[in-house]
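Reading the structure
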Amino acid sequence: MTSPNRTALVEELMGRFPQVPPEAVIKEDLLRGGMAFDDSALSGGDDGDVKPKSYFIFSFDHRTLPELGAAALNRPPEEIVLTGGPYGLRRTVVSVRVNPDSPYRVRAGEDGALALYLDGARIADVGLPPMPDYYRHTLANGKSVMEVAPTIQWGYLVYLTVFRVCQYFGAKEECQYCDINHNWRQHKAAGRPYTGVKPVEEVLEALEIIDRHDTAGASKAYTLTGGSITSQVGGRDEADFYGHYAKAIEERFPGRWIGKVVAQALPQTDDVQRFHDYGISIYHPNFEVWDRRLFELYCPGKERYVGRDEWHRRILDSTEVFGARNVIPNFVAGVEMAEPFGFTSVDEAIGSTAEGLRFFMSNGVVPRFTTWCPEPTTPLGKANPQGAPLEYHIRLLETYRATLEEYGLTSPPGYGPAGPGRAVFSVSSFMDSLSADEPVAAASE
């Protein structure tokens, strides 16, 4: 999957881009290419002392569950935290993406302590997330809290995927990098509990358990999300479907968490206003990829139902409801370079992504991004098992920070603290690469 000596490339990039923290370089490489686990480093499943991977929306793995073997049966941890080693890593939280062929391996060293090894050399100590007390409790119907309301980002975010599938279905509509529908199918085929549509009552009961047992107050926000809805689910359109969860949560737990929703770019006058009226603080109408041609190719359903230009117009219009600070569209970093349609040089790919960042940031909107994981059941993942070059991801971090500074903006709200050693956002390094001196942003009216 990678060159025999990955260490040389990693250290070369650390030297070329000294303004990007070494923590972010390692983290991006783990996110783009995955990590392997010795059996002893697996969580042991739902009843152990380690918080297991919940598969909270996508698989975020480089193999399917049947191909993972022991790593599927004895789940890997949700995240790992890296410290120390030859690069002097400050505390770095990394979402786990399993790849048995990765040059990165988590295993016990001679001293018995877990560590991360690259090309056979120990590069960091590894900490595992403890099983939270609220995961040890079940709902009245026997469902686990992890199934209904898993937490990620070291407990900061409650992730509520209340609709497990997407109505953009099939090759002519599904986003070409997204495995939400396959992930649902593989969990059902494996006989795992994986509720397609989560009843509001179950969500509220799970949140009640979290609220009661999260005595340290680690959970600060929740995200309402799921597949796109092009018609209806349970007689509700997309705004009403996700909105009625928000309304119920905010009525039961007013102000307990920062409320966020990931949904399509919906018309401002009615749908977006409903989200706000229901109590949502932050709106994520994800733009996915900036380049026009790639958006049309990679997001055929979104192009067909809404269209790229209209999507962007709606993102900007939604700032009139939420304020620019609280509209935070995501993009999938790395798909710009996916064969056969993507850019063939890092320069071109960064130039395109930077154009998108300037478009939004010049309007006060601060996007964020998820590092692309090339899941094997997606068209782009199948064609690009190695993902995008690490250099692209490192230069993106540099470009993102420079563009943020150019427009006088700071890290977006709802993601916890910024800076190496402080960040908890685990599916990209954008928060790790920003200044630790900035105050933690809060959602504003």
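In case you missed it, the structure is sitting above this.
Residues numbered from 1 in each chain as written. Predicted model: local features only at pLDDT ≥ 70, side-chain atom pairs only at ≥ 80, totals over all residues. Heavy atoms only, no water.

1. Quick look at helix α6 (residues 180-189)
What counts is decided by this rule: Note on classification: 1.4 Å probe, protein chains only; a residue is buried when its accessible area is under 20% of the maximum for its type, exposed when over 50%, partly exposed between these limits. Here a strand is any run of E in DSSP of at least two residues, a helix any run of H or I of at least four, and the numbering for each starts at the N terminus. A contact between two residues is defined here by any heavy atoms of the two lying within 4.5 Å.
Taken together, the buried positions of α6 are Ile180, Asn181, His182, Asn183, Gln186 and His187. Along its buried surface, α6 packs onto α3 (65-68), β8 (157-163) and β9 (221-226). Positive phi shows up at glycine 191, right after α6, with a value of about 75°.

2. Digging into the sheet that holds strand β3 (residues 89-95)
Rules: A pair of strands is treated as paired once DSSP finds two or more bridges between them.
With mixed pairing, the six strands of this open sheet are ordered in space as β1-β4-β5-β6-β2-β3. This sheet does not close on itself; its edge strands, each paired only once, are β1 (36-37) and β3. As defined by bridge partners, strand β2 (residues 79-84) adjoins strand β6 (residues 121-127) across three bridges and the pair is classed as antiparallel. Across the sheet, the residue bridging to leucine 82 is valine 126, located in β6.

3. With respect to the nonpolar core
Heads up, the rule is: Joining through side-chain atoms within 4.5 Å is the link that ties buried Ala, Val, Leu, Ile, Met, Phe, Trp, Tyr and Cys residues into a set, and such a set is a nonpolar core. The start and end points of each domain follow an automatic or database-based domain assignment.
Formed by 128 residues in total, the largest nonpolar core has its most connected members in Ile26, Leu82, Leu116, Leu160, Leu224 and Phe275. Inspection of this core shows a minimum of three residues originating in each of domain 1 (22-127) and domain 2 (133-415 + 423-432). In contact with phenylalanine 275, other than residues within four places in its own chain, are Glu238, Ala239, Tyr242, Gly243, Val261, Ala263, Leu266, Ile280, Tyr283 and Phe322. Ile57, Ile152, Tyr159 and Val424 belong to the second-largest nonpolar core, a separate cluster that totals 13 residues.

4. A closer look at the side chain of arginine 32
What counts, and what does not: Under the rule applied, a polar contact is a pair of N or O atoms within 3.5 Å (in protein, one hydrogen donor and one hydrogen acceptor; residues adjacent in sequence only if both atoms are side-chain atoms).
Mapped onto the secondary structure, arginine 32 falls in helix α2 (residues 22-33). Assessed through its relative accessible area of 4%, arginine 32 is described here as buried. A distance of 2.9 Å separates polar atoms of two side chains, one belonging to arginine 32 and the other to aspartate 29. If we skip the residues at most four places from it in the chain, arginine 32 touches Arg6, His62, Thr371, Trp372, Pro374, Gln386, Ala388, Pro389, Leu390 and His393.

5. Observations regarding the sheet that holds β8
Convention followed: Note on geometry: axes are lines fitted to C-alpha atoms, helical ones only across the stretch in contact, with angles between N-to-C directions running from 0 to 180 degrees.
Pairing in this open sheet of five strands is mixed, and the strands run β7-β8-β9-β10-β11 from one edge to the other. Lying at the two open borders of the sheet, with one neighbouring strand each, are β7 (151-152) and β11 (282-284). By the bridge criterion, three bridges tie strand β10 (residues 258-262) to β11 in an arrangement that is parallel. Residue pairing across strands places valine 262 opposite histidine 284, the latter belonging to β11. Sitting on the sheet, helix α7 (residues 200-213) is in contact with β7 and β8, with an inclination near 170° to β8.

6. Points about the pairing of strand β13 (residues 368-371)
We count it as follows: By convention, orient the strands away from the viewer: a clockwise path from the first strand over the helix to the second makes the crossover right-handed.
Of the two faces of β13, both are covered, the one formed by Arg368 and Thr370 as well as the one formed by Phe369 and Thr371. Judged from the four bridges that link them, strand β12 (residues 330-333) and β13 form a sheet pairing that is parallel. Counted as the bridge partner of phenylalanine 331 is phenylalanine 369 from β13. Note that the unit made of β12, helix α13 (residues 346-361) and β13 has a crossover that is right-handed.

7. Quick notes on empty space enclosed by the protein
Defined as follows: Both site types are read off a 1 Å grid over the protein atoms alone. A 1.4 Å probe that fits but cannot get out defines a cavity, while an open set with protein on both sides within 12 Å along at least five of seven lines defines a pocket; lining residues have an atom within 4 Å of a point. Grid points are joined across faces, edges and corners, and a volume is the space filled by probe spheres set on the points. Three residue categories are used. Nonpolar comprises Ala, Val, Leu, Ile, Met, Phe, Trp, Tyr, Cys and Pro, charged comprises Asp, Glu, Lys and Arg, and polar comprises the others, including Gly.
This structure, assessed with the given rule, holds three cavities of 30 Å³ or more. Considering only enclosed or pocket space, the largest cavity measures out at about 760 Å³ in volume. If you trace the largest cavity, you find 44 residues lining it, with Ile57, Phe58, Val262, Asn286 and Glu288 closest to the centre. Listing elements by their share of the lining of the largest cavity, those giving two or more residues are β8, α6, β9, α8 (238-252), β10, β12 and β13. Of the residues that constitute the lining of the largest cavity, the class distribution is 23 nonpolar, 13 polar and eight charged. Here the lining of the largest cavity gathers at least three residues from each of two domains, domain 1 (22-127) and domain 2 (133-415 + 423-432).

8. Here we look at the pattern of salt bridges
The condition that has to hold: Salt-bridge detection follows one rule: a side-chain nitrogen of Lys or Arg within 4 Å of a carboxyl oxygen of Asp or Glu.
Following the criterion strictly, the structure yields 32 salt bridges and no others. Residue arginine 256 pairs with aspartate 211 through a salt bridge whose shortest N-O separation is 2.7 Å. Within this pair, whereas arginine 256 is found in the loop between α8 and β10, its partner aspartate 211 is found in helix α7, the two being separated by 45 residues in sequence. Overall, the relative accessible area of 23% leaves arginine 256 in the partly exposed class. The exposure class of aspartate 211 is partly exposed, given its relative accessible area of 32%. With a closest N to O distance of 3.0 Å, aspartate 240 and arginine 274 form a salt bridge.

9. Observations concerning the packing of α7 against α8
Between two packed helices, both the angle of their axes relative to each other and the distance between the axes serve to describe the pair. Heads up, the condition is: Left-handed describes a crossing whose near helix is turned anticlockwise from the far helix by less than a right angle; the clockwise case is right-handed.
Put simply, α7 and α8 touch, their axes get as near as 10 Å, and they point 35° apart. Between α7 and α8 the crossing geometry is right-handed. Here Val200, Val203, Leu204, Leu207 and Glu208 of α7 lie close against α8, whose contacting residues are His244, Tyr245, Ala248, Ile249 and Arg252. Looking at the contact of α7 with α8 residue by residue, the classes come out as seven nonpolar, one polar and two charged.

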